[in-house]
Amino acid sequence: MARGVPFAKNGSKVFRFPVLYFVLLCVLAPGFFFLGSGFHAADQEDITAVPNTQVAKWREWHTLKDLKSLFSKEVFDVIVTSTDDLGPLSLDNFRKNMSASWKVVGLETSNVAYELKQPTTHVRQEKPKGKEGRSSEGLAQWTDSPSRQVRRKLIEKRREKRAAELVKMDNEVVVKLENVAIERSRSVESAVLGKYNIWRKEIENENADSSVRFMRDQIIMARVYVSIAKMKNKLELYQDLQSRLKESQRALGDALADSDLHRSTHEKIKAMGQVLSKARAQLYDCKLVTGKLRAMLQTADEQVRSLKKQSTFLSQLAAKTIPNGIHCLSMRLTIDYYLLPPEKRKFPMSENLENPSLYHYALFSDNVLAASVVVNSTVKNAKDPSKHVFHLVTDKLNFGAMTMWFILNPPGKATIHVENVDDFKWLNSSYCPVLRQLESAKMKDYYFKAGHPTTLTSGASNLKYRNPKYLSMLNHLRFYLPEVYPKLDKILFLDDDIVVQKDLTGLWAVDLQGKVNGAVETCGESFHRFDKYLNFSNPHIARNFDPNACGWAYGMNIFDLKEWKKKDITGIYHKWQNMNEERVLWKLGTLPPGLMTFYGMTHPLNKSWHVLGLGYSPTVDRSLIENAAVVHYNGNMKPWLEIAMTKYRPYWTKYVQYNNPYLRNCKLLA
């Protein structure tokens, strides 16, 4: 078109008349147009005659040169990276990779837009030409470049490696969560917590038992609106809510799952929902409803605390009482004992009682059934029962029953002897501090009045101090073993709430290394250490004992009576017992004075000899129980009580002679 303009100017000089000029312009204009197009096409052919790769390089160089002067190095690196990894420069790639925080200073938008648009336009123009074969060579050269293929492979490898690391991390997290869930499951025991258990099949589905939960929610809201309706004198609505509330409570009953509900329950749910909607429309006040719910929550919390105290009281009460069956057994045996002629009341093999070469056991108990299980389990698991000698001591009330039972049910080839603690005339108040203290008025008030509780809940904390075992000399007789058995060198002390599962003769071969007491230690982290049992605010305790010293268990102890006499263990016990007359060193029991008396003189035994906790802990590992030589039902849940944990009772009941006529007559059944 540039060549046609001067031609027109020349033409205007020749034809001066306006009409002729207009006619000529109309006739010659199309010709000029086609002529100009031809010249323009020729120019384009001249440009395309230049090699395509050179044009692209020139434009790329020109664009990058301008960009270097306009952008910072950080922005320019992104552009270069996009060009290297993704092919020719694209404005879309540049916009995608540039951070929102980057800024271009001193830039005219129109120029930058023009310069950036040039390579993008070039790329779009080259794509159809690639189909014609003009730029296919350059595209193949970019795609097949070895350096770019190596770089691309490295990028893919890094991505795969990162993906593998993420998968591994996920797997480790899953394993940790599973381990945590397993640990938590050990603390959940259906025998203790009732039917509810986090592993129940019903709660695998989060929607399971939805009707039961929904009804409980309806009942809660109905109680709220009943209170508000009464407050606002909406008597008709109040009566309607009361009626539906009673219906829902009757329908729900003791149901724990949807399967326990009656088929008509859904109609009651629907009816309750309609009444609640009506109540919400008339009575809803956010502040008032929130206050009512908070008051209900506080009341429920107080009820839970009260029930816990009552539960503690009742469990302690159950622990110190004797079941009817065992009381019946003792009474029947006592009657039959006194009907025996005196010559038939003696046990055979009395010559073994003072033979130090045999295996001697000390058992102090007033429970006939419990003592029979200890003796029976020991004999059944002994390799040679004829070498075992049992020394039983009981009180005057149960002496006849205990003697009669073992006369009628002798322990096979083993030797047994029963004694009455009241026959130990040397055990009197002038020699024994405990007996002297029990005769004092202060001690009687402490044990028998226990703070004069007026209610069940207030007396719960004091009831444990009134347990008869703390008052019985059978419990304190363990500190006088050399006096009771002066001819023996070693003796194995057993509680009456244990079960023997293996031969125990190996305990006599244990080297106590000059110590007096062989026992299993019970400390774990901060549990069962001296500071749990003793009052370290007292200077006598603080000076003589380490609060972090490890505790040990009574129930199965091997005592070296020779070392006992050398070190005057009984004298040490008397010293501490005299100092505790006001109960300033420890509160109750025989374990605290035992820890003090045998401090530094206890040899730790392997834990497999003695496993504890079956009377209070639902999480004792089953493998530990089955591999233990002795299992101990220490705690309130004794195996002969109804409150015993069901899963532990079989270890005890397998040694009870339920076919014995005395047990059947007293209705002592498995």
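Here is a short report on the structure shown in this document. Given the structure is predicted, the values throughout are model-derived calculations rather than measurements.

Rules and cut-offs
- Residues numbered from 1 in each chain as written.
- Predicted model: local features only at pLDDT ≥ 70, side-chain atom pairs only at ≥ 80, totals over all residues.
- Heavy atoms only, no water.
- Buried < 20%, exposed > 50% of the residue type's maximum accessible area, 1.4 Å probe, protein only.
- Helix = DSSP H or I, 4+ residues; strand = E, 2+ residues; numbered from the N terminus.
- Contact = heavy atoms within 4.5 Å.
- Pairing = 2+ DSSP bridges.
- Axes fitted to C-alpha atoms, helices over the stretch in contact; angles between N-to-C directions.
- Phe/Tyr/Trp six-rings, centres within 6.5 Å; stacked < 30°, edge-to-face > 60°.
- Lys NZ or Arg CZ within 6 Å of the ring centre and 35° of its normal.
- Disulfide = S-S within 2.5 Å.
- Salt bridge = Lys/Arg side-chain N within 4 Å of Asp/Glu carboxyl O.
- Core = buried A, V, L, I, M, F, W, Y, C linked by side-chain atoms within 4.5 Å.
- Parallel < 35°, antiparallel > 145°, perpendicular 65-115°, else oblique.
- Left-handed = near helix turned anticlockwise from the far one by under 90°.
- Polar contact = N/O pair within 3.5 Å; in protein donor to acceptor, adjacent residues only side chain to side chain.
- Nonpolar A, V, L, I, M, F, W, Y, C, P; charged D, E, K, R; others polar.

**Some remarks on helix 25 (residues 569-579)**
The complete set of buried residues in helix 25 reads I569, T570, Y573, H574, W576 and Q577. Taken together, the buried residues of helix 25 touch helix 17 (433-438), helix 20 (473-476), helix 21 (481-484), helix 23 (539-544), helix 24 (561-567) and helix 26 (591-597).

**Quick look at the sheet that holds strand 4 (residues 490-494)**
Strand order in the open sheet made by the 7 strands is 3-2-1-4-7-6-8, with mixed pairing throughout. Here the strands that pair on one side only, and so sit at the sheet edges, are strand 3 (415-420) and strand 8 (602-604). Neighbour-to-neighbour, the strand axes of this sheet turn through a mean angle of 25°, independent of strand direction. The pairing of strand 1 (residues 359-364) with strand 4 spans 3 bridges and is parallel. The residue bridging L363 from the neighbouring strand is L494, located in strand 4. Across the sheet, helix 15 (residues 368-380) lies against strand 1, strand 2 (388-394), strand 3 and strand 4, angled at about 175° from strand 2, the strand it touches most.

**Let's talk about the packing of aromatic side chains**
One pass over the structure, following the stated rule, counts 24 aromatic pairs. The interplanar angle of 80° and the centroid separation of 5.0 Å between the aromatic rings of Y337 and Y338 together place this pair among those described as edge-to-face. Here R345 stacks its cationic end above the ring of Y337, 4.9 Å away from the centre of that ring. Its guanidinium or amino end placed over the ring of W576, K575 lies 4.7 Å from that ring's centre, counting from NZ or CZ.

**Quick notes on the state of the cysteines**
In the structure shown here, the tally under the stated rule is 2 disulfides. What pairs with C328 in a disulfide is C666, and their sulfur atoms sit 2.2 Å apart. Every disulfide takes its handedness from the sign of the S-S torsion; for C328 and C666 that torsion is -70°, giving left-handed. With C328 in helix 14 (residues 324-339) and C666 in the segment after helix 29 (661-665), this pair connects stretches of sequence that are 338 residues apart. Residue classification places C328 among the partly exposed positions, given a relative accessible area of 21%. Look at C666 and you get buried, because its relative accessible area is 7%.

**A short note on the pairing of strand 7 (residues 556-560)**
Burial within strand 7 is extensive, with 5 of its 5 residues counted as buried. On strand 7, burial covers both faces: M556, I558 and D560 on one face and N557 and F559 on the other are all buried. Of the pairings in the sheet, the one linking strand 4 to strand 7 comprises 5 bridges and is antiparallel in character. Its bridge partner being in strand 7, I491 is matched across the sheet by F559. Pairing of strand 6 (residues 517-519) with strand 7, which is carried by 2 bridges, proceeds in the antiparallel orientation. Along strand 7, the bridge assignment pairs N517 with F559.

**Thoughts on the side chain of D495**
Residue placement: D495 occurs in the loop between strand 4 and strand 5 (498-500). Note on D495: relative accessible area 13%, which makes it buried. Contact partners of D495, with chain neighbours within four places excluded, come to L363, V374, R478, Y554, G555 and H632.

**Comments concerning the sheet that holds strand 10 (residues 630-632)**
Within a sheet, each strand pairs with its neighbour through backbone hydrogen bonds, oriented either parallel or antiparallel. Pairing in this open sheet of 3 strands is mixed, and the strands run 5-10-9 from one edge to the other. Of all the strands in the sheet, just strand 5 and strand 9 (610-611) have a single pairing partner and so form its edges. Summarising the sheet, strand 9 and strand 10 pair through 2 bridges and their orientation is parallel. Across the sheet, the residue bridging to H610 is V630, located in strand 10.

**Considering the environment of V499**
Looking at the secondary structure, you find V499 in strand 5. Along the sequence, V499 and W652 sit 153 residues apart, while their C-alpha atoms lie 6.3 Å from each other.

**Comments concerning the pattern of salt bridges**
Counted by the stated rule, this structure contains 9 salt bridges. K487 is paired through a salt bridge with E354; the nearest N and O atoms lie 3.4 Å apart. In this pair, K487 is assigned in the loop between helix 21 and strand 4 and E354 in the loop between helix 14 and strand 1, connecting sequence segments 133 residues apart. Here the salt bridges do not stand alone but share partners, grouping E563, K566 and K567 into one network.

**With respect to the nonpolar core**
Core analysis: the largest hydrophobic core is formed by 63 residues, its most contacted members being L329, L392, F406, L492, L504 and W652. At 8 residues, the largest contribution of residues to this core is made by helix 15. Not counting the four nearest positions on each side in its chain, W652 is found in contact with L369, A370, V373, V499, Y633, P639, W640 and Y658.

**What to know about the packing of helix 15 against helix 16 (residues 399-408)**
Between helix 15 and helix 16, the least distance of the axes is 10 Å, while the angle of their chain directions is 40°. As the angle between them shows, helix 15 and helix 16 are arranged oblique. For the element pair helix 15 and helix 16, the recorded crossing hand is right-handed. Each of V368, A371, S372 and V375 in helix 15 lies in contact with helix 16, whose residues at this interface are A401, M402, W405 and F406.

**As for the side chain of N352**
Mapped onto the elements of the fold, N352 is located in the loop between helix 14 and strand 1. Among the polar contacts listed, one links the side chain of N352 to the side chain of T415, at a separation of 3.0 Å. With sequence-adjacent residues up to four places away left out, N352 is seen in contact with L358, H360, V389 and T415.

**Describing unusual backbone geometry**
Even without being a glycine, M349 presents a positive backbone phi close to 55°. Counting through the fold element by element, M349 comes out in the loop between helix 14 and strand 1.

**Quick word on helix 16**
The buried fraction of helix 16 amounts to 8 of the 10 residues, a majority that puts the element mostly inside the structure. Within helix 16 the residues assigned to the buried category are F399, G400, A401, M402, T403, M404, W405 and F406. Where helix 16 is buried, its residues touch helix 14, helix 15, strand 2, strand 3 and helix 29.

**Considerations on the packing of helix 10 (residues 210-231) against helix 12 (residues 265-283)**
Closest axis-to-axis distance for the helix 10/helix 12 pair is 10 Å, and the angle between their directions is 35°. Both helix 10 and helix 12 take part in a crossing whose hand is left-handed. Contact with helix 10, carried on its side by S211, F214, M215, Q218, M221, A222, Y225, I228 and A229, involves T265, H266, I269, M272, G273, L276, A279, R280 and L283 of helix 12 and no other residues of that element. For the contact of helix 10 with helix 12, the per-class residue count stands at 12 nonpolar, 5 polar and 1 charged.

**Overview of the environment of N660**
With respect to the helices and strands, the residue N660 is situated in the loop between helix 28 (650-653) and helix 29. Through-space distance from the C-alpha of N660 to that of N409 is 9.4 Å; in sequence the pair is 251 residues apart. Filtering out sequence-adjacent residues up to four positions away, N660 remains in contact with W405 and N409.

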